[in-house]
Amino acid sequence: MKKTTILFSILIIVGAFVVTSAAFTVDQTQSAIVIQLGRPVGNQALGPGLHFKLPVIQNVVFFDARILDFDARPEEITTTDKKYMNVDSYTKWRIIDPLTFYTKVRTIQGARARLDDIVRSQLRVALGRYTLIEVVSHKRQEIMTAVTKRSKELLLPYGIDVIDVRIKRTDLPAENARSIFGRMKAERERQAKQYRSEGREASARIKATADKERTIILADANKQAEIVRGKGEAQATKIYADALSQSPEFYEFTRSLEAYRKGFNKNSRFIMTPESPFLKYMQ
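Residues numbered from 1 in each chain as written. Predicted model: local features only at pLDDT ≥ 70, side-chain atom pairs only at ≥ 80, totals over all residues. Heavy atoms only, no water.

With an unreviewed UniProt entry as reference, the protein chain is termed Protein HflC, source organism Pseudodesulfovibrio nedwellii. In its Subcellular location (unreviewed entry) section, UniProt records this for the protein chain: "Membrane". Per its UniProt entry, the protein chain bears the Sequence similarities (unreviewed entry) comment "Belongs to the band 7/mec-2 family. HflC subfamily." (UniProt positions renumbered as here; feature names shortened; annotations may be inferred.)

Spelled out as structure tokens, the structure:
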């Protein structure tokens, strides 16, 4: 009886060990394949859930099923106008076929090496078709779309799906920055001189137009003044003539008084004889 109990206990322990060694779970964020003697078992990957394998003989390799990041090292690339720039890029990717992935690249490190080779070469090819100005301005989206499409096609046989390739940063190499900044400065100075020259020309044109308009306005004003003055003098002459015709003696008297008022003041000195006609009304 005692031997039977011991044997039964041993069987339970062995069974528990076998079940524990054979059972494994795959997380929601993972996929897995079973490896036997270095080769995958079955023709498809295992999804999330509880699975079993042969203890000792078989092993399980897990893969991350989420979208992964690959941050490439900055690289110097030449554009079509022979300009150099340092390009810092990153790639969004994921494993879509774990069996192919394991067969071709084995590990995440191997996948990153393959990504680095293919994405980097596609960036060089794509950026080499455009000028520096186009790369840093309106052609960037077009370039990234083309690089993403081509990289996806080349990496699909490795069980890798490239979701997006993006340029984080573009910088000029240190040895080229000074010369480019010098050319930019010279170009800005040339434009500034051109703007100042055009400004001086416009200023001279405006001044000439203003002087012309001023001369015309003054001439018109003088003309109108002469006309008004002539009309006033004619009217005054008529008034004097009418007054003279009505009472010549009174007109002569008022005109003499007006002459006295204008001619005599505290600083005036006259040498006249009493018979002078000017003093007629002072006698």
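Overview of the overall build of the protein chain
Across its full length, the protein chain holds seven helices and nine strands. Relative to its 283 residues, the protein chain shows a buried fraction of 23%. Within the protein chain, counting contacts between residues at least 6 apart in sequence, those at least 24 apart form 65% of the total. (Helix = DSSP H or I, 4+ residues; strand = E, 2+ residues; numbered from the N terminus. Buried < 20%, exposed > 50% of the residue type's maximum accessible area, 1.4 Å probe, protein only. Contact = heavy atoms within 4.5 Å.)

Details of the side chain of Asp 116
Summarising the element assignment, Asp 116 is placed in helix α3 (residues 108–127). Accessibility expressed as a relative area gives 12% for Asp 116, which makes it buried. In contact with Asp 116, not counting residues within four places along its chain, are Phe 70, Ala 72 and Arg 73.

Considering the sheet that holds strand β2 (residues 30–36)
Strands sit in the order β3-β2-β5 across an open sheet of three strands; the sheet is antiparallel. Strands with a single pairing partner mark the edges of an open sheet, and in this sheet they are β3 (39–46) and β5 (58–64). Averaged over all neighbouring strand pairs, the angle between strand axes comes to 25°, with direction disregarded. Examined bridge by bridge, β2 and β3 share four bridges and lie antiparallel to one another. Pairing of Ile 35 across the sheet is with Pro 40, part of β3. (Pairing = 2+ DSSP bridges. Axes fitted to C-alpha atoms, helices over the stretch in contact; angles between N-to-C directions.)

Overview of the nonpolar core
Ranked by size, the top nonpolar core spans 33 residues in total, and within it Trp 93, Phe 101, Leu 115, Leu 127 and Ile 143 carry the most contacts. Listed by contribution, the elements that provide at least two residues to this core are β2, β6 (68–71), β8 (84–95), α2 (98–104), α3, α4 (132–136), α5 (140–155) and β9 (160–171). Leaving out residues up to four positions away in the same chain, Leu 127 has contacts with Ile 77, Thr 78, Thr 79, Thr 80, Met 85, Val 87, Val 135, Ile 143 and Ile 167. In terms of nonpolar packing, the next biggest core, distinct from the first, is built from five residues, Phe 24, Val 26, Ala 32 and Val 60 among them. (Core = buried A, V, L, I, M, F, W, Y, C linked by side-chain atoms within 4.5 Å.)

Re the pairing of strand β1 (residues 23–26)
Side chains of β1 alternate between two faces, with Phe 24 and Val 26 buried and Ala 23 and Thr 25 left unburied. Judged from the four bridges that link them, β1 and strand β4 (residues 49–52) form a sheet pairing that is antiparallel. Among the inter-strand pairings, Thr 25 is bridged to a residue of β4, identified as Leu 50.

Notes on the pattern of salt bridges
In total, this model carries 16 salt bridges according to the counting rule given. By sharing partners, the salt bridges in this structure join Arg 73, Glu 75, Asp 116, Arg 120 and Arg 124 into a single network. (Salt bridge = Lys/Arg side-chain N within 4 Å of Asp/Glu carboxyl O.)

Looking at the packing of aromatic side chains
Summed over the entire model, instances satisfying the criterion amount to two aromatic pairs. Judged by centre distance (5.5 Å) and plane angle (85°), the ring pair of Phe 63 and Phe 101 falls under edge-to-face. One end of the pair, Phe 63, is in strand β5; the other, Phe 101, is in helix α2, with 38 residues separating them in the sequence. An identical accessibility class is assigned to Phe 63 and Phe 101; each is buried. (Phe/Tyr/Trp six-rings, centres within 6.5 Å; stacked < 30°, edge-to-face > 60°.)

Brief notes about α3
Compared with the 28 Å implied by 1.5 Å per residue over 20 residues, the 27 Å span of α3 between its first and last C-alpha is a close match. Turning to α3, its buried residues are Ala 111, Leu 115, Asp 116, Ile 118, Val 119, Arg 120, Gln 122, Leu 123, Ala 126 and Leu 127. (Expected span 1.5 Å × (residues − 1).)

Things to note about empty space enclosed by the protein
What the rule picks out here adds up to one cavity of 30 Å³ or more. Roughly 70 Å³ of internal volume is contained in the largest cavity. The wall of the largest cavity is formed by Phe 70, Ala 72, Arg 73, Glu 75, Ile 77, Val 87, Ser 89, Leu 115, Asp 116, Val 119, Arg 120 and Leu 123. Counting residues per element, the ones that place at least two in the lining of the largest cavity are β7 (75–78), β8 and α3. When residues of the lining of the largest cavity are assigned to their parent elements, the largest contribution, five residues, is made by α3. Grouping the constituent residues of the lining of the largest cavity by class yields seven nonpolar, one polar and four charged. (1 Å grid on protein atoms, 1.4 Å probe; cavity = no way out; pocket = protein on both sides within 12 Å on 5 of 7 lines; lining within 4 Å. Points joined across faces, edges and corners; volume = space filled by probe spheres on them. Nonpolar A, V, L, I, M, F, W, Y, C, P; charged D, E, K, R; others polar.)

What to know about unusual backbone geometry
With phi around 75°, Arg 106 is a residue other than glycine that occupies positive phi space. You can see Arg 106 is positioned in the loop between α2 and α3.

Section: the side chain of Thr 148
Within the secondary structure, Thr 148 is located in helix α5. One polar contact links the side chain of Thr 148 to the main-chain amide nitrogen of Val 165, over a distance of 3.1 Å. With near-sequence residues (within four places) excluded, Thr 148 lies in contact with Val 162, Ile 163, Asp 164 and Val 165. (Polar contact = N/O pair within 3.5 Å; in protein donor to acceptor, adjacent residues only side chain to side chain.)

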